[in-house]
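Inside the fold
Residues per chain are reported as follows:
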Amino acid sequence: MSIHGANGLRSAPGIAKSVDATAEATGSLFRYVREHIKEAYLLFPLSAVLLLLAIWSATLYFIRLEQTRAQRNAATVSLEIGATYEAQMLRAVREIDQTLKLVKYAYEAEGERNPLPRLKERALLPPPLLFDVSVVSPDGGLVASTRASETGNISDPDELQTLRHNDTLSISRPWKDPLTGEWRLRFSRRLNAANGTFSGIVRVEVDAAYFVSSYDASKLGDQGVLGLLGTDGLFRVQRTGESVLAGDSVDYAALVPDTEDTQALLLTNSWDGVRRYTSARQLYDFPLAVIVGLSEEEQLAAVTRQAHTYLWRAATGSLLLVLLVGLLSRMSWQLAQSRLQAAEAKVAYAERVEYLAYHDGLTALPNRSLFSKLLIQNIQEASRYHRQLAVLFLDLDRFKQINDTLGHDAGDQLLQEVAVRLKACVRASDTVARLGGDEFVILLPELSEDTYVATTAQKILSAVARPFNLRGKEFRVTASIGISIFAQDGLDEQTLKKNADIAMYQAKQRGKNNFQFYSEKLNAESLERQTLEIGLRHALERNEFRLHYQAKRDIRSGQITGMEALLRWEHPDLGLVAPMQFIPVAEETGLIVPIGKWVLRTACLQNVAWQQQGLPHLGIAVNLTARQFVDEHLLTDLATILADTGMDARLLELEIAESLLMQDVKKALQVLTGLKKLNVRIAIDDFGTGYSSLSALKQFPLDAIKIDRSFIRDVANATEDKALTEAIITMGRTLSLTVVAQGVETKEQADFLRDNACDEFQGFYFNKPVPADQFKVLLQAQTARPTRDS
Ligand SMILES: Nc1nc2c(ncn2[C@@H]2O[C@@H]3COP(=O)(O)O[C@H]4[C@@H](O)[C@H](n5cnc6c(=O)[nH]c(N)nc65)O[C@@H]4COP(=O)(O)O[C@H]3[C@H]2O)c(=O)[nH]1
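The structure displayed is predicted, hence computed values, not measured ones. (Residues numbered from 1 in each chain as written. Predicted model: local features only at pLDDT ≥ 70, side-chain atom pairs only at ≥ 80, totals over all residues. Heavy atoms only, no water.)

Tallying secondary structure elements over the chain gives 25 helices and 29 strands in all. Sorting the 790 residues of the chain into buried and exposed places 46% on the buried side. For the chain, the share of sequence-separated contacts (at least 6 apart) that also reach a separation of at least 24 residues comes to 63%. Summed over all atoms, the accessible surface of the chain reaches about 40,400 Å², with 55% contributed by carbon and sulfur. (Helix = DSSP H or I, 4+ residues; strand = E, 2+ residues; numbered from the N terminus. Buried < 20%, exposed > 50% of the residue type's maximum accessible area, 1.4 Å probe, protein only. Contact = heavy atoms within 4.5 Å. Areas by Shrake-Rupley, 256 points an atom, 1.4 Å probe, with all protein chains shown as cover.)

If you want it as structure tokens, here you go:
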């Protein structure tokens, strides 16, 4: 029991589930139909189904109507024929009975033993061809007959027996004439003697076919029936088509209603098994009934044929309709499908447009808009749940250079690779987005542990620093990252982004390839930077730049051998701004290019002016930054300036930082060769800090190297710096380069350099950078007193 119970429990939800599923399926079908009902491909079949229903309902209705009409008609005709037939039979039997009565009267009342000849003579007997009238003695012997051939005792003993006791009309059983093979019938009455005793019978014999001779095939067809039935249930005669039969026995009571209200019934006639609309009437005063039957098959044949025609037409119409609707539905389905496809394409296009609106096409990372949205959302959540989140701004160091050197395709490839590496460094819940150019931003929405941000930032720096393979070559880039934390560094999206940006610039300032957390101090620096940037944009047109000149002296004679032009910015509010403060800003913003051109032109003009004033023809050095160095117009600009100012190219020296040259040796060689073709001198600035390879140095068309100040600073004390400086000087001499020591501040430093055969020096120990008018005084002094100054 328990097992059954458990099964029952288990199956109940199963049944419920399948019922639910069915309901669900039906529901969804209805929903689908409701939603798409207006679609032609559904409307057509639905209309077709309705039309088919209408066609078939009408067809079947009309068939049924015709059938009913034909049935009613058959029943009516059966009744009508029955009524007529009844009247005919009544008359016929009455006439026969009248004859019998006439003979009986002549016999009994007039005492004629054989009244037949007299009656015949007086034409009171029926026609002899049809009827045989005879008189029979009580023992069955033929007394007289209208038929000449009839002789002997041919009476039925039963008939005699019946009439011996009754004075009624007797109707014999049908019998077949042995000679003709036709069915015959006999009607008889008793003859009384004068004393009233039985003295024989008078009878009329007739061909049974006589009673069914009114069979009209046009009405009764070939399968109808016309019959005379005795109340004993024995057919005296019945005719179907041309066949006349007799003697069949039926249930009289079942066939002949005992009411006046006659009607035709559809019956399977027991004597031949044919279904007929059968009407039966008992003859008044006689033990006979007339039977009329119309074959159902024949009566409904026309209707059935008609029905077949209707059905055939309906079927043909339905088939055509189905084909037509199928065709139309198919066409409209195809149309709907193509419309659907067009709509889907539209949706896909809209999705694509939306995707593009929120994603970076190059890296497929979220773009600035999407990042802002995500950041706003995450700030709201962090605020609600009192959580922290971090925004990391990342900028690639030297990206522009790679882009300019290797081309945009390589730059794009690099950015894509960086995007992949960045994503690999963070969790799936973190967001990496690209703001544009080489700027990326990372959102860390959940800071599980305090060190997570720093760890992630470090991981990113290491990942970016791994070499990239671009165009079959290995390249290295680094990144600078600025970090701001919600809520301490800002409560809204703008502030967090701005502060992360500030921190990122700070990271750049601090030598790149590092990360910086935002602080208030950074903010102040950033503000200053912003002030500088805004001011720088107008400094040229407002003529706020000045050039100062610092002398380079020969190490042995102390004579001024040349000068370096150094840029100064006289800011209206900030006063004199040092180049180390504003040149990085000018470099980042690209303003260094027009500013650099101004410097070159001014330095050349000044130098030519001094020459024209009779002062010594000395070389002048001008610094170039990385951006100036890779500027595609550098050579043409320089040539123009030289031509415009009339400057002797051999007196112009361009100082280029060693680190810059070593970043991309091939490109450096290309630019330097171009410069050299203009006959300008080339010096490597800040030498010793850029890890030059000797082979690279040998390739470059150089004229001078300037030892970095950091070596000179400790040259008098630190053994290591001494050794390095000695090595640099030796190397410079080996390569036949002028070796210049810069940042010489003390006598010790000067002595050391002199002892180690350095060529020239430059430093506060001799001269600080001064404006042109002051430098002119120095030059004039040297012209007047060309002696050693040191
Ligand atoms: N402590 C110390 N410093 C000394 C001494 N002797 C010279 N200096 C300073 O050293 C710097 C020499 O220039 P730099 O190494 O090319 O370094 C330059 C150069 O890289 C850049 N710069 C200056 N003017 C220009 C310019 O017109 N164009 C470009 N592209 N860069 C410039 O800015 C840097 C700094 O320029 P300044 O501030 O003028 O600083 C100058 C100069 O004033 C010394 O004995 N002790």
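Time to look at the confidence of the model for the chain. Residues with a pLDDT of 70 or more make up 94% of the chain, whose mean pLDDT is 88. Scored below 50 in pLDDT, residues 1–16 makes zero contacts in the model with residues more than four places away or belonging to other chains. Scoring the predicted complex yields pTM 0.48 and, for the interface, ipTM 0.97. (pLDDT = per-residue confidence, 0-100.)

Once that is clear, we can look at the packing of helix α11 (residues 408–425) against helix α12 (residues 452–465). Following both chains from N to C, one finds α11 and α12 inclined at 150°, their axes separated by 9 Å at the closest point. The pairing of α11 with α12 is recorded here as roughly antiparallel in orientation. Of the two possible hands of crossing, α11 and α12 adopt the one that is right-handed. Contact residues: Arg-421, Leu-422 and Cys-425 in α11; Thr-456, Lys-459, Ile-460, Ala-463 and Val-464 in α12. Class assignment for the residues of the contact of α11 with α12 results in five nonpolar, one polar and two charged. (Axes fitted to C-alpha atoms, helices over the stretch in contact; angles between N-to-C directions. Parallel < 35°, antiparallel > 145°, perpendicular 65-115°, else oblique. Left-handed = near helix turned anticlockwise from the far one by under 90°. Nonpolar A, V, L, I, M, F, W, Y, C, P; charged D, E, K, R; others polar.)

This model, assessed by the stated rule, comprises 15 aromatic pairs. Taking the centre distance of 5.2 Å and the plane angle of 75° together, the rings of Phe-131 and Tyr-210 count as edge-to-face. Here the residue Phe-131 occupies a position in strand β1 (residues 131–136), and Tyr-210 occupies one in the loop between β6 (198–207) and α5 (217–220), the gap between them amounting to 79 residues. Residues Tyr-210 and Phe-211 carry aromatic rings whose centres are separated by 5.2 Å and whose planes lie at 70° to one another, so their mutual orientation is edge-to-face. Judged by relative accessible area, Phe-211 falls into the buried class, the value being 0%. Three or more aromatic residues joined by ring pairs make a cluster, and in this case those are Phe-131, Phe-187, Tyr-210 and Phe-211. (Phe/Tyr/Trp six-rings, centres within 6.5 Å; stacked < 30°, edge-to-face > 60°.)

In the vicinity of the ligand there are 23 residues, among which Arg-568, Asn-623, Asp-685, Arg-709 and Glu-745 approach most closely. Protein chains bury 85% of the 780 Å² of accessible surface belonging to the ligand in isolation. At four residues, the largest contribution of residues to the shell around the ligand is made by strand β21 (residues 560–571). Here the shell around the ligand is built from residues that sort into nine nonpolar, seven polar and seven charged. (Near = heavy atom within 4 Å.)

Turning next to the UniProt feature "transmembrane region" (unreviewed entry) in the chain. UniProt records the feature "transmembrane region" (unreviewed entry) for residues 40–63 in the present numbering. Between the end C-alpha atoms of residues 40–63 there is a gap of 33 Å, over a span that is 100% helix and 0% strand. (UniProt positions renumbered as here; feature names shortened; annotations may be inferred.)

Okay, the nonpolar core next. Phe-629, Leu-652, Leu-675 and Leu-753 are the most contacted members of the largest nonpolar core, which totals 82 residues. Residue contacts for Leu-753: discarding those within four places in its chain leaves Ile-555, Ile-712, Thr-725, Ile-729, Ala-741, Val-744, Cys-758 and Phe-761. Counting residues in each nonpolar core, the second largest holds 50 residues, with Met-89, Leu-100, Val-204 and Leu-300 among its members. (Core = buried A, V, L, I, M, F, W, Y, C linked by side-chain atoms within 4.5 Å.)

Let us now look at helix α16 (residues 592–612). Two residues of an α-helix separated by three or four positions point the same way, owing to the 3.6 residues in each turn. Between its first and last C-alpha atoms α16 spans 29 Å; for 21 residues at 1.5 Å apiece the expected length is 30 Å, and the two agree. Phi for Gly-614, located one or two positions after α16, is positive at around 90°. (Expected span 1.5 Å × (residues − 1).)

The subject of this paragraph is the pattern of salt bridges. Considering all chains together, one arrives at 36 salt bridges under this definition. Among the salt bridges present, the one from Glu-653 reaches Arg-681, with a minimum N-O distance of 3.1 Å. Here Glu-653, found in strand β24 (residues 652–657), pairs with Arg-681, found in strand β25 (residues 681–687); they are 28 residues apart in sequence, far enough to count as distant. Arg-681 sits in the partly exposed class, given a relative accessible area of 27%. The closest approach of N and O atoms between Glu-655 and Lys-706, which form a salt bridge, is 2.5 Å. Placement of the pair is Glu-655 in strand β24 and Lys-706 in strand β26 (residues 704–707), with a sequence separation of 51 residues. You'll find Glu-655 and Lys-706 in the same group, each marked buried. (Salt bridge = Lys/Arg side-chain N within 4 Å of Asp/Glu carboxyl O.)

As a further point, take the side chain of Asp-759. Counting through the fold element by element, Asp-759 comes out in the loop between α24 (747–755) and β28 (760–762). On the basis of relative accessibility, which here comes to 19%, the residue Asp-759 falls in the buried class. Of the polar contacts made by the side chain of Asp-759, one reaches the side chain of Arg-733; its length is 3.3 Å. There is a polar contact of 2.7 Å between the side chain of Asp-759 and the backbone nitrogen of Val-739. Excluding residues that lie within four positions of it along the chain, Asp-759 makes contacts with Arg-553, Asp-554, Ile-555, Arg-733, Leu-737, Thr-738 and Val-739. (Polar contact = N/O pair within 3.5 Å; in protein donor to acceptor, adjacent residues only side chain to side chain.)

Right, let's get into the sheet that holds strand β18 (residues 478–486). In spatial order, the strands read β14-β15-β13-β18-β19; together these five strands make up an open sheet with mixed pairing. Where the open sheet ends on each side, the last strands, each with one partner, are β14 (431–436) and β19 (515–517). With strand direction ignored, the average angle separating the axes of adjacent strands in the sheet is 20°. In this fold α11 packs onto β13 (389–397), β14 and β15 (439–444), with an angle of close to 10° to the strand it touches most, β15. Each of β13, β18 and β19 is contacted by helix α13 (residues 493–509), which is oriented at about 145° to β18, the strand it contacts most. (Pairing = 2+ DSSP bridges.)

Moving on: the side chain of Asn-514. Note that Asn-514 resides in the loop between α13 and β19. Judged by relative accessible area, Asn-514 falls into the buried class, the value being 14%.

Relative to the elements of secondary structure, Gln-581 occurs in helix α15 (residues 579–589). Sequence spacing of Gln-581 and Leu-532 is 49 residues, and the spatial spacing of their C-alpha atoms is 8.5 Å. Not counting residues up to four positions away in its chain, the partners in contact with Gln-581 are Glu-528 and Leu-532.

Moving on to a nonpolar patch on the surface. On the surface, a cluster of nonpolar side chains totalling about 440 Å² of accessible area is made up of Phe-44, Leu-324, Leu-327, Leu-328 and Met-331. With four residues, helix α8 (residues 301–358) is the largest single contributor of residues to the nonpolar patch. By secondary structure assignment, the location of Leu-324 is in helix α8. Exposure remark for Leu-324: the relative accessible area of 48% places this residue in the partly exposed category. (Patch = residues over 30% accessible without salt bridge, like charges linked within 9 Å, V, L, I, M, F, W, Y side chains within 5 Å.)

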